[in-house]
Amino acid sequence: GESVGLHLPTLSVQEGDNSIINCAYSNSASDYFIWYKQESGKGPQFIIDIRSNMDKRQGQRVTVLLNKTVKHLSLQIAATQPGDSAVYFCAEIFTGGGNKLTFGTGTQLKVEL
Amino acid sequence: DAGVIQSPRHEVTEMGQEVTLRCKPISGHNSLFWYRQTMMRGLELLIYFNNNVPIDDSGMPEDRFSAKMPNASFSTLKIQPSEPRDSAVYFCASSLYGGVSTGELFFGEGSRLTVL
């Protein structure tokens, strides 16, 4: 039979607009969360992290928001640029169980000129 | 500084053949991870090591897969015998366990395996 691959959610934004990428994590015990960016043909690259004792953390042009009540994580990218086009993954760790990082399915971000 | 180095970058082999993928982590890192990425399953953790010791191999698909880390600067992932369903991109990553950003994994460029 025909195999079915993952259908990555896709977010299309205009250059210069802000992007918001969402993620639902699975383990309520997870206490550390990370966002990764993967460009075509490359390995994932760390963007920003946040611990469960925080609900917001800002980096350069990026902000991560954490809502533990609904197990939701979001990545906001300000003034999105063509170079931001990539697949974005959220990942979670329960640090009490070691440093095993579990990745979500990813979101494809497309920046339109 | 050199990042995580993987080899080969591409491998095409026939079903039943042995495949060995290699990884050199970043010097000073004490954790090493092997991930597999496919369209069907996304990024899956196969196994990880802390200080050269395998900590969790629950993601290794079956006995055909084995991984070793004989020293802090080298790891192998072996598939014997290989099957077409093993076709994927295999990533190695390293990190500094116990550091401030323990979740900051540094990934290699990946080894794209095609089993015919």
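My aim in this report is to walk through the structure given alongside it, one point at a time. (Residues numbered from 1 in each chain as written. Chains lettered and ligands numbered in written order. Predicted model: local features only at pLDDT ≥ 70, side-chain atom pairs only at ≥ 80, totals over all residues. Heavy atoms only, no water.)

Our next topic: the overall build of chain B. Helix and strand content of chain B: zero helices and 11 strands. On C-alpha atoms alone, chain B measures out to a radius of gyration of 13 Å, which is about the 13 Å that the 2.2 N^0.38 rule sets for 116 residues. Residues counted as buried form 49% of the 116 residues belonging to chain B. Contacts in chain B between residues far apart in sequence, at least 24 positions, make up 54% of those at least 6 positions apart. Of the roughly 5,700 Å² of accessible surface on chain B, a fraction of 50% belongs to carbon and sulfur atoms. Between the centroid of the 10 positive side chains of chain B and the centroid of its 13 negative side chains there is a distance of 3 Å. (Helix = DSSP H or I, 4+ residues; strand = E, 2+ residues; numbered from the N terminus. Rg over C-alpha atoms; globule rule 2.2 N^0.38 Å. Buried < 20%, exposed > 50% of the residue type's maximum accessible area, 1.4 Å probe, protein only. Contact = heavy atoms within 4.5 Å. Areas by Shrake-Rupley, 256 points an atom, 1.4 Å probe, with all protein chains shown as cover. Lys, Arg positive; Asp, Glu negative; His and termini not counted. Charge placed at Lys NZ, Arg CZ, Asp CG, Glu CD.)

Once that is clear, we can look at the overall build of chain A. Looking only at helices and strands, chain A features zero helices and 10 strands. Ordering the α and β elements of chain A from the N terminus gives β-β-β-β-β-β-β-β-β-β. Against the compact-globule benchmark of 13 Å for 113 residues, chain A has a radius of gyration of 14 Å, which places it among compact chains. Counting only C-alpha atoms, chain A reaches 45 × 45 × 25 Å along its principal axes. Taking all 113 residues of chain A together, the buried fraction comes to 39%. A total of about 5,900 Å² of accessible surface is found on chain A, and carbon and sulfur atoms cover 46% of it. Where the 10 positive side-chain charges of chain A centre and where its 10 negative ones centre are 7 Å apart.

By the definition in use, this model includes two disulfides over all chains. Covalent S-S linkage joins A:Cys23 and A:Cys90, the inter-sulfur distance amounting to 1.6 Å. Here A:Cys90 lies in strand β8 (residues 86-93) and A:Cys23 lies in strand β2 (residues 19-24), a separation of 67 residues in the sequence. A relative accessible area of 8% means that A:Cys23 is categorised as buried. The disulfide partner of B:Cys23 is B:Cys92, and the S-S distance across this bridge is 1.9 Å. (Disulfide = S-S within 2.5 Å.)

On inspection of all chains with the given rule, the structure shows 14 salt bridges over all chains. In this structure, the salt-bridge partner of B:Arg41 is B:Glu44, at a minimum N-O distance of 3.8 Å. (Salt bridge = Lys/Arg side-chain N within 4 Å of Asp/Glu carboxyl O.)

Quick look at the sheet that holds strand β5 (residues 56-58) of chain A now. Residue and element names in this part refer to chain A. The sheet built from four strands is open, its strands ordered β2-β7-β6-β5 with antiparallel pairing. Two strands close off the open sheet at either side, each with one partner strand: β2 and β5. Geometrically, the sheet is characterised by an average inter-axis angle of 15 degrees between neighbouring strands, direction not taken into account. Note: strand β6 (residues 62-67) against strand β7 (residues 72-77), six bridges, orientation antiparallel. Following the sheet pairing, Val 62 is matched in β7 by Ile 77. (Pairing = 2+ DSSP bridges. Axes fitted to C-alpha atoms, helices over the stretch in contact; angles between N-to-C directions.)

The next subject is the interface of chain A and chain B. The partner chain B presents 27 residues to the 23 residues of chain A that form the contact. For the pair chain A and chain B, the summed buried surface comes to about 1,900 Å²; carbon and sulfur atoms form 55% of the total. Summed over the shared surface of chain A and chain B, the number is one salt bridge. Ionic pairing is found between B:Asp56 and A:Lys100, a salt bridge with its closest N-O pair at 3.2 Å. Counting every contact that joins chain A to chain B gives four residue pairs in polar contact (both at pLDDT 80 or more). Every element with two or more residues in the side of chain A that touches chain B is listed here: β3 (32-38), β4 (45-51) and β8 of chain A. Counting residues per element, the side of chain A that touches chain B draws most heavily on β3(A), which supplies four residues. Tallied by class, residues from the side of chain A that touches chain B come to 11 nonpolar, eight polar and four charged. (Buried area = accessible area lost by both parts, 1.4 Å probe. Polar contact = N/O pair within 3.5 Å; in protein donor to acceptor, adjacent residues only side chain to side chain. Nonpolar A, V, L, I, M, F, W, Y, C, P; charged D, E, K, R; others polar.)

Glycine aside, a negative phi is what most residues show, and trans is what most peptide bonds show. Residues and elements named next belong to chain B. In this chain, Ser 7 is followed by Pro 8 through a cis amide linkage whose omega measures -10 degrees. Within the secondary structure layout, Pro 8 lies in the loop between β1 (5-7) and β2 (10-13). Cis geometry is found at the peptide bond from Gln 80 to Pro 81, where omega equals -10 degrees. Its location among the elements puts Pro 81 in the loop between β8 (74-79) and β9 (88-95). Phi is positive for Asn 52, which is not a glycine, with a value near 75 degrees.

Purely geometric numbers; function is a separate question.
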